[in-house]
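Commentary on secondary and tertiary structure
Take a look at the letters that make up each chain.
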Protein chains: 2
Amino acid sequence: MTARKTSTKFRRPSKTKAADIGKASPAIILVQPQMAENIGMVARAMLNCGLTDLRLVNPRDGWPHPLAFKTASGADVVIENARVFETTKDAVADLHHVFATTARARDMTKAVVTPNQAANEMHTAVADQHKCGVLFGREAVGLHNDDVAIADSLLMVPLNPAFSSLNLAQAVLLIGYEWYQLGSDRPPLVNEVRLDTRRATKKELIGMFEHLERELDNCGFLAQPDKRPNMVRNLRNMFDRADMTEQEVRTFRGVISGLVKNHQK
Amino acid sequence: MTARKTSTKFRRPSKTKAADIGKASPAIILVQPQMAENIGMVARAMLNCGLTDLRLVNPRDGWPHPLAFKTASGADVVIENARVFETTKDAVADLHHVFATTARARDMTKAVVTPNQAANEMHTAVADQHKCGVLFGREAVGLHNDDVAIADSLLMVPLNPAFSSLNLAQAVLLIGYEWYQLGSDRPPLVNEVRLDTRRATKKELIGMFEHLERELDNCGFLAQPDKRPNMVRNLRNMFDRADMTEQEVRTFRGVISGLVKNHQK
């Protein structure tokens, strides 16, 4: 990594407007994060999911740190607004519900939830004007039991048990992703991309079928009367499934004519 | 990054047993990946989610590459078994259902699915003994339209529209995560009744496309060079959507030959 390039662009202006983002979204709390690069990558993953409240407990490399801006890849709004706390207790002081991420079961009597369940609980909490946060431990070490004890629930990501270690930004991304998917103001996904065109009418489709079948009769492809009805049905079914547009019907009629007419010259 | 340290531990023994992993899980296909580090991080994210079939189309830095082992953080089984292909077409030849990840809408008529929907469809396909794969484009550039055209569906991850760019490994992680969450004990979705037949492989479909395009070249339908690529892509997209069976591919090749040959007598 280019640890030398610390001088420039330390506080470049943010490209993303904070106003775009819901204010009540959960806080992401990194406890004793070690590498500033990882904090930047966390900021990027957070903003991907509409999260902006980043809190750092006693970051090893100090704060602010230019490498965090570098790896945030433009999520500067998150980095600029990050707050530093001395202790985990201080960092969660204003929150109503705290989740502690953990890769292993702890000897504590706490509810264990998946990211999806946590996202559900957080949306419910936010709707009730409650503030939530998720604690993440130090890279490769995780949270101390004392930090876990502060939390209301344990959050475990179900992954391949033989190989479940995630880096910090990926763990944040999965939890943010579930939060975002459940969000209410998310723009609906269109099911199909179809520009400047419309679905073909049945009349247009049938015209195309009859065109094809006429030519297939002409060339002898449908010459066996006992097989013809089934062949025709199968071909029509196949094209029906393609959900053709009006433009595609015209193109395919051009294909039929093209294949046939060339040889009639 | 330590690009110098290429000599040692190039093929250290794998820590994870391949036998632990489901054999029918989807393939992850990276088209022209640039940085070997990213390939390693993709391998790690794959194994987190129980995926092991990694395919590389024309990787810029060559393959195998020591930096990929380094960033795979122990997911060596994925790196060791990765296969390299010259073209995307070759890489998907044995697959029945292919998703193309894309960050933006394309001017193509294809279904658009979320990771969750794609995971559902892939589990259904695997239950039917069909093989699936997901295409990922080059870092920061994405897939070419020609690669997208090979796919059956577009896969878009719903994220903060003001800041949606993910790195390669994170995109793979989110899709693998949805795949893993849906697990193998999920009751299969039965979307289609299709007896005594199987879905066409990409190789069979591409053979059919090339047959059609050859004849359309012969008859002059594709004679305008500036319009040809778009025409070809649109036709392929249309047939892709029809989810053709192997029997239908043979029938349609008979249709093409029938329309052409009659006039050659």
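That block above? That's the structure.
Everything in this summary refers to the structure shown in the same document. Just so you know, these numbers come straight off a predicted model, no measurement behind them.

Here we take up the nonpolar core. Soluble globular proteins tend to bury their nonpolar side chains together. Within the largest apolar cluster, 87 residues are counted, with the highest numbers of intra-cluster contacts made by A:I28, A:L54, B:I28 and B:L54. For this core, the element with the most residues is helix 7 (residues 168–181) of chain A, which contributes 10 residues. The residues contacting A:I28, other than those within four sequence positions of it, are A:V42, A:M46, A:L51, A:D53, A:L54, A:R55, A:V134, A:F136 and A:V172. The next biggest cluster of nonpolar side chains, apart from the first, holds 41 residues, and it includes A:A200, A:L212, A:L216 and B:A200.

Turning our eyes to something else, we now look at the pairing of strand 1 (residues 27–31) of chain B. Residues in a regular strand point their side chains to alternate faces of the sheet. Residue and element names in this part refer to chain B. Taken across its five residues, strand 1 has five buried, putting it largely inside the fold. Going residue by residue along strand 1, you find A27, I29 and V31 tucked away on one face and I28 and L30 tucked away on the opposite face as well. Pairing between strand 1 and strand 2 (residues 53–57): five bridges, direction parallel. Bridged to I29 within strand 2 is R55.

Right, let's talk about the interface of chain A and chain B for a bit. Facing the 72 residues of chain A at the interface are 75 residues of chain B. Each partner contributes to the roughly 5,700 Å² buried at the junction of chain A and chain B, and carbon and sulfur atoms together form 64% of this total. Applying the counting rule to chain A against chain B returns one salt bridge. Between B:R241 and A:E248 there is a salt bridge, and its shortest N-O distance comes to 2.7 Å. Each residue belonging to the side of chain A that touches chain B can be placed in one class, and the counts come to 40 nonpolar, 22 polar and 10 charged.

In a packed pair of helices, the relevant descriptors are the angle between the two axes and the axis-to-axis distance. Packing of helix 10 (residues 246–261) of chain A against helix 9 (residues 228–241) of chain B brings their axes to within 11 Å, and their N-to-C directions diverge by 105°. When the axes of helix 10 of chain A and helix 9 of chain B are compared, the pair comes out roughly perpendicular. Where helix 10 of chain A abuts helix 9 of chain B, its residues A:E248, A:T251, A:F252 and A:V255 lie against B:M231, B:N234, B:L235, B:M238, B:F239 and B:R241. Partitioning the contact of helix 10 of chain A with helix 9 of chain B into residue classes produces six nonpolar, two polar and two charged.

This brings us to the pattern of salt bridges. All names here are of chain A. Taken as a whole, this structure holds 25 salt bridges over all chains when the rule is applied. The residue D94 makes a salt bridge to K131 at a minimum N-O spacing of 2.7 Å. Residue D94 is located in the loop between helix 4 (88–91) and strand 4 (97–101), and its partner K131 is located in the loop between helix 5 (115–127) and strand 6 (132–136); the two are separated by 37 residues in the primary sequence.

Looking now at the packing of aromatic side chains. Throughout the structure, instances matching the rule amount to six aromatic pairs over all chains. Taken together, the aromatic side chains of A:F239, A:F252, B:F239 and B:F252 make up a single cluster linked through ring pairs.

Attention now moves to helix 5 (residues 115–127) of chain B. Compared with the 18 Å implied by 1.5 Å per residue over 13 residues, the 18 Å span of helix 5 of chain B between its first and last C-alpha is a close match. Within helix 5 of chain B the residues assigned to the buried category are B:P115, B:A118, B:A119, B:N120, B:M122, B:H123, B:T124, B:A125 and B:V126. The secondary structure elements touched by the buried residues of helix 5 of chain B are helix 7 of chain A together with strand 4 (97–101), strand 5 (110–113), strand 6 (132–136), strand 7 (153–155) and helix 7 (168–182) of chain B. Phi turns positive, to about 65°, at B:Q129, one or two residues after helix 5 of chain B.

The subject of this paragraph is the side chain of B:T201. Residue and element names in this part refer to chain B. For T201, the location among the structural elements is in the loop between helix 7 and helix 8 (202–218). The class of T201 is buried, set by a relative accessible area of 15%. Discounting residues that sit within four places of it in the chain, T201 has contacts with A93, D94, L95 and H96.

To continue, consider the sheet that holds strand 1 (residues 27–31) of chain A. All names here are of chain A. Taken in spatial order, the seven strands make up an open sheet running 3-2-1-6-4-7-5, and their pairing is parallel. On the outer flanks of this sheet lie strand 3 (83–85) and strand 5 (111–113), each paired with one strand and no other. Averaged over all adjacent pairs, the angle separating strand axes in this sheet is 30°, with direction ignored. Across three bridges, the pairing between strand 2 (residues 53–57) and strand 3 is parallel.

Before going further, it helps to spend a moment on unusual backbone geometry. Of the consecutive residues A:W63 and A:P64, the connecting peptide bond is found in the cis state with omega at 0°. A positive phi angle, near 50°, is found at B:S73, a position not held by glycine. Tracing the sequence through the fold places B:S73 in the loop between helix 2 (66–72) and helix 3 (76–80). Look at B:A140: it is not a glycine, yet its phi comes out positive at around 70°. Given the relative accessible area of 93%, B:A140 is considered exposed.

So, on to the packing of helix 8 of chain B against helix 9 of chain B. Residue and element names in this part refer to chain B. It is at 11 Å that the axes of helix 8 and helix 9 come closest, and there the two elements cross at 140°. Looking at the two axes, helix 8 sits oblique to helix 9. Note on packing geometry: the crossing formed by helix 8 with helix 9 is right-handed. Where helix 8 approaches helix 9, its residues K202, L205, M208, F209, E210, L212, E213, L216 and D217 are matched on the opposing element by R228, V232, L235, R236, F239 and D240. For the contact of helix 8 with helix 9, the residue count by class is eight nonpolar, no polar and seven charged.

Rules used in this analysis
- Residues numbered from 1 in each chain as written.
- Chains lettered and ligands numbered in written order.
- Predicted model: local features only at pLDDT ≥ 70, side-chain atom pairs only at ≥ 80, totals over all residues.
- Heavy atoms only, no water.
- Core = buried A, V, L, I, M, F, W, Y, C linked by side-chain atoms within 4.5 Å.
- Buried < 20%, exposed > 50% of the residue type's maximum accessible area, 1.4 Å probe, protein only.
- Helix = DSSP H or I, 4+ residues; strand = E, 2+ residues; numbered from the N terminus.
- Contact = heavy atoms within 4.5 Å.
- Pairing = 2+ DSSP bridges.
- Buried area = accessible area lost by both parts, 1.4 Å probe.
- Salt bridge = Lys/Arg side-chain N within 4 Å of Asp/Glu carboxyl O.
- Nonpolar A, V, L, I, M, F, W, Y, C, P; charged D, E, K, R; others polar.
- Axes fitted to C-alpha atoms, helices over the stretch in contact; angles between N-to-C directions.
- Parallel < 35°, antiparallel > 145°, perpendicular 65-115°, else oblique.
- Phe/Tyr/Trp six-rings, centres within 6.5 Å; stacked < 30°, edge-to-face > 60°.
- Expected span 1.5 Å × (residues − 1).
- Left-handed = near helix turned anticlockwise from the far one by under 90°.

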